[in-house]
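Examination of the molecular architecture
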Amino acid sequence: MGVAIGIDLGTSNSCVCAVVDGEPVVFADKEGRRTQPSIVAFGYGKSAVVGWRARRQLLYAPESTVISAKRLIGRRAGAEEVERMKAQCAYGITEGEGGELAVRVQGKLFTPAEISAHVLVHMKKIAEEALGESVTQAVITVPAYFNDNQRQATRSAAAMAGLECLRILNEPTAAALAYGFNKGKRQHVAVYDLGGGTFDISILRIDDDFFEVIATSGDTFLGGDDFDYAAADQFMELFCAQTGLDLRANRTVRMKLREAAERAKVALSGGGDVEVSVPALHRAAGGQELGFHTTVDRFTYDQWVLPLVSRTFDVCDDALKAAGMSIRQIDHVLMVGGMTRYPLVREAVRDHFRKPPNTTVNPDEVVAIGAAIQAWNLTNTEVEGGGSVLLDVTPQSLGVRTLGGFCETLIPRNTAIPTESTKVFHTAVDNQTEVRISVCQGEGRMADDNELLGEFVLGGLAEKPRGQVRVRVTFEIDTDGIVHVRAIDSVLGLERSIRIESSGGASAAPEQSHRFDDIDF
Ligand code: AMP
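Just so it is clear, the structure is predicted and the values come from calculations on it, not from any experiment.

Let's talk about the overall build of the chain
Broken down by element type, the chain carries 10 helices and 28 strands. What you see for the chain is a C-alpha radius of gyration of 24 Å, in line with the 24 Å of a compact globule of 521 residues. Its C-alpha atoms give the chain principal-axis dimensions of roughly 80 × 55 × 50 Å. Within the span of the chain, comprising 521 residues, buried residues form 57% of the whole. Counting only contacts in the chain whose residues sit at least 6 apart along the sequence, the fraction spanning at least 24 positions is 65%. With 54 positive and 70 negative side-chain charges, the chain shows a spacing of 2 Å between the two charge centroids.

So, the side chain of E259
Relative to the assigned elements, E259 resides in helix 7 (residues 251-269). When residues no more than four places from it in sequence are discounted, the contact partners of E259 are R55, L58 and L59.

Describing unusual backbone geometry
Residues I417 and P418 are joined by a peptide bond in cis, for which omega reads 5 degrees. Tracing the chain through its elements places P418 in the loop between strand 22 (416-417) and strand 23 (419-426). Positive phi outside glycine occurs at R354, with the angle close to 55 degrees. According to the relative accessible area criterion, R354 is exposed, its value standing at 64%.

Digging into the sheet that holds strand 5 (residues 40-41)
Within the open sheet, the 3 strands sit side by side as 6-5-7. Their pairing is antiparallel. One side of each edge strand has no neighbouring strand; the edge strands of this open sheet are strand 6 (49-50) and strand 7 (65-66).

Brief notes about the site of the ligand
Around the ligand lies a shell of 13 residues, among which G196, E262, K265, S269 and G338 are the nearest. Contact distances for the ligand include 3.2 Å between an oxygen atom and a side-chain N or O atom of N13. Contacts to the ligand include G338, whose backbone N or O atom sits 2.9 Å from an oxygen atom. Coverage of the ligand by the protein amounts to 87% of the 510 Å² it exposes when considered alone. With 4 residues, the top contributor of residues to the shell around the ligand is helix 7. Counted by class, the shell around the ligand contains 2 nonpolar, 8 polar and 3 charged residues. Domain assignment of the residues forming the shell around the ligand places at least three in each of domain 1 (5-222 + 308-393) and domain 2 (224-304).

Focus: the confidence of the model for the chain
With 93% of its residues at a pLDDT of 70 or more, the chain shows a mean pLDDT of 91. Here residues 503-521 is a poorly scored stretch, pLDDT under 50, and it has 59 contacts once near neighbours within four places are set aside; other chains count.

Topic: the pairing of strand 23
The side-chain alternation of strand 23 yields one buried face, formed by T419, S421, K423 and F425, and one unburied face, formed by E420, T422, V424 and H426. Across 8 bridges, the pairing between strand 23 and strand 26 (residues 470-477) is antiparallel. Bridge assignment links V424 to a residue of strand 26, and that residue is R472.

Topic: the sheet that holds strand 22
Taking strand neighbours across the sheet as the criterion, the 6 strands line up as 18-13-14-15-19-22 in an open arrangement whose pairing is mixed. The open sheet has two edge strands, strand 18 (332-336) and strand 22, and neither has a second partner. Here helix 8 (residues 298-323) sits on the sheet in contact with strand 13 (186-194), strand 14 (199-207) and strand 15 (210-219), set at roughly 135 degrees to strand 15.

A closer look at the packing of aromatic side chains
To describe a pair of aromatic rings, one takes the distance between the centres and the angle between the planes. Within the structure shown, the criterion is met by 8 aromatic pairs. When the ring of Y301 is compared with that of Y342, the centres are 5.4 Å apart and the planes differ by 55 degrees; the resulting orientation is tilted. Of the two residues, Y301 sits in helix 8 while Y342 sits in the loop between strand 18 and helix 9 (343-353), which places them 41 residues apart along the sequence. Clustering of aromatic rings is evident, with ring pairs tying together F235, F239, F292, Y301, W304 and Y342. The lysine or arginine in question, R71, covers the ring of F221, its NZ or CZ lying 4.1 Å from the ring centre. The ring centre of Y229 lies 5.7 Å from the NZ or CZ of R258, which sits over that ring.

Observations regarding the nonpolar core
Counting 56 residues, the largest nonpolar core has I5, I7, Y91 and L120 as the members making the most contacts within it. A total of 9 residues in this core trace back to one element, the largest contributor, which is helix 3 (residues 112-131). Formed by 53 residues, the second largest nonpolar core is a distinct cluster that contains F227, V309, M339 and F353.

Overview of the pairing of strand 2 (residues 13-20)
Across the 8 residues of strand 2, 6 count as buried, placing the element largely inside the fold. Bridge count between strand 1 (residues 5-9) and strand 2: 4 bridges; the pairing is antiparallel. If you follow I7 over to strand 2, its bridge partner there is V16. In this sheet, strand 4 (residues 36-37) lies alongside strand 2 in antiparallel orientation, the contact comprising 2 bridges. Each residue of the ladder has a partner; that of S14, found in strand 4, is Q36. With 4 bridges joining them, strand 2 and strand 3 (residues 23-26) adopt antiparallel strand pairing. Opposite V19, over in strand 3, you have P24 as the bridge partner. Between strand 2 and strand 3, which pair antiparallel in sequence order, lie 2 residues; one of them, D21, sits at a positive phi of approximately 50 degrees.

Conventions used here
Residues numbered from 1 in each chain as written. Predicted model: local features only at pLDDT ≥ 70, side-chain atom pairs only at ≥ 80, totals over all residues. Heavy atoms only, no water. Helix = DSSP H or I, 4+ residues; strand = E, 2+ residues; numbered from the N terminus. Rg over C-alpha atoms; globule rule 2.2 N^0.38 Å. Buried < 20%, exposed > 50% of the residue type's maximum accessible area, 1.4 Å probe, protein only. Contact = heavy atoms within 4.5 Å. Lys, Arg positive; Asp, Glu negative; His and termini not counted. Charge placed at Lys NZ, Arg CZ, Asp CG, Glu CD. Pairing = 2+ DSSP bridges. Near = heavy atom within 4 Å. Polar contact = N/O pair within 3.5 Å; in protein donor to acceptor, adjacent residues only side chain to side chain. Areas by Shrake-Rupley, 256 points an atom, 1.4 Å probe, with all protein chains shown as cover. Nonpolar A, V, L, I, M, F, W, Y, C, P; charged D, E, K, R; others polar. Domains from an automatic or database assignment. pLDDT = per-residue confidence, 0-100. Axes fitted to C-alpha atoms, helices over the stretch in contact; angles between N-to-C directions. Phe/Tyr/Trp six-rings, centres within 6.5 Å; stacked < 30°, edge-to-face > 60°. Lys NZ or Arg CZ within 6 Å of the ring centre and 35° of its normal. Core = buried A, V, L, I, M, F, W, Y, C linked by side-chain atoms within 4.5 Å.

Okay, here's the thing in structure tokens:
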């Protein structure tokens, strides 16, 4: 059996690592770059290109360059977040086959999972080139707050990339593992993970090689992308004022300003004022090339993004409350994700947690390192030291829709996983031969306020007076945070397992889906 790798499949960047000769090694590409943009560009030669080459295309052909697919993965067409992405992206976002979400590039449709599969293939190849052998197994990380649909779609992406997904691991948990594994620590840590697309906070107890997540909370639509769109909106206002043109609906201009906003943000992290210059941003009706030029200082930029930073602390307080802990009980705040390099974020974390954040881990690599350690643990159980214990929790409550459209919780959020819960359903009318069960995830009191994971119908029930047929339905959440359902009907005693069809973007069940190494285009 070859080496099992860990992949941090990020919204903006991805990173791949494996434990080699007892040490985690982050694999670099031929140019020595240790992370890769999670960008897939089409129409550039015959095959799709991924990573740094794809990023170059973003500037001159943003409409055929897919960025931030992770913000779409596992979501349903029409969801609020999807509508926001539609307004921001230069590439098309639409409804594909069977109503599932798809991106449209040069007339072709791809599911977000297919786009992510391209990124995974790219990361797998980098590992294979470095190791000199083929790789078939991986631990893949996801934001802790990802729901079942998003996790299933990520698993589908792995299968399409020809990878056996050993575990779907939560990003903050992976970071804590990398920070604490084999270091004999005994402490409570909060992992503050602000990446390109998502924000997560997890509170963990580390006791030597025992890692227990006590509570987690998050926002799967709050990350560096939002900082960039906030600044790009300001640039757009200024550009429109400078030129007297209203270009707010022009997607290409928007994407170029977003790119400039990201560069400005990273430059501002290093200190000093920043010159923003986008030559030839737009060709006016008379053929004249219009460029955008301005200067931004940190104070101004911080004002634009302060509401986003503040939002992360609402989420932190929610997690602390769920953990039943106060800020004083947190020994260290680990900073994870590229956005934690931004000074305002560090200062605000210091003020909120009343202690300087721990910046000893590399925020770009620590998640992949944790995933690699877990991959090693899972494939080396017989080796001494290969047995750290990792207890995670389910980030969102699991429930079923009841009469009146309410959501009855069966497994509350922050329950340790794996876990299961059983509910008995009764027939409501005489001779009823089927029951329809809707499974949802989230904290809303009404089912419609939550994410519908799927619906299933249990048919073939014996015809009996109402209430006499009972069906025991068991809901299970596995170590990947994925939901499984099985049911036994009391009259016929038949057990059946039910697959919840992910309704949010897994293009197909892994076993049915096509595998590819690279899609020809
Ligand atoms: P991640 O998803 O962890 O790779 O984080 C990516 C996000 O971090 C993107 O929004 C980047 O623009 C942002 N980022 C990376 N480096 C820096 C930096 N030095 N200063 C500010 N933001 C950064």
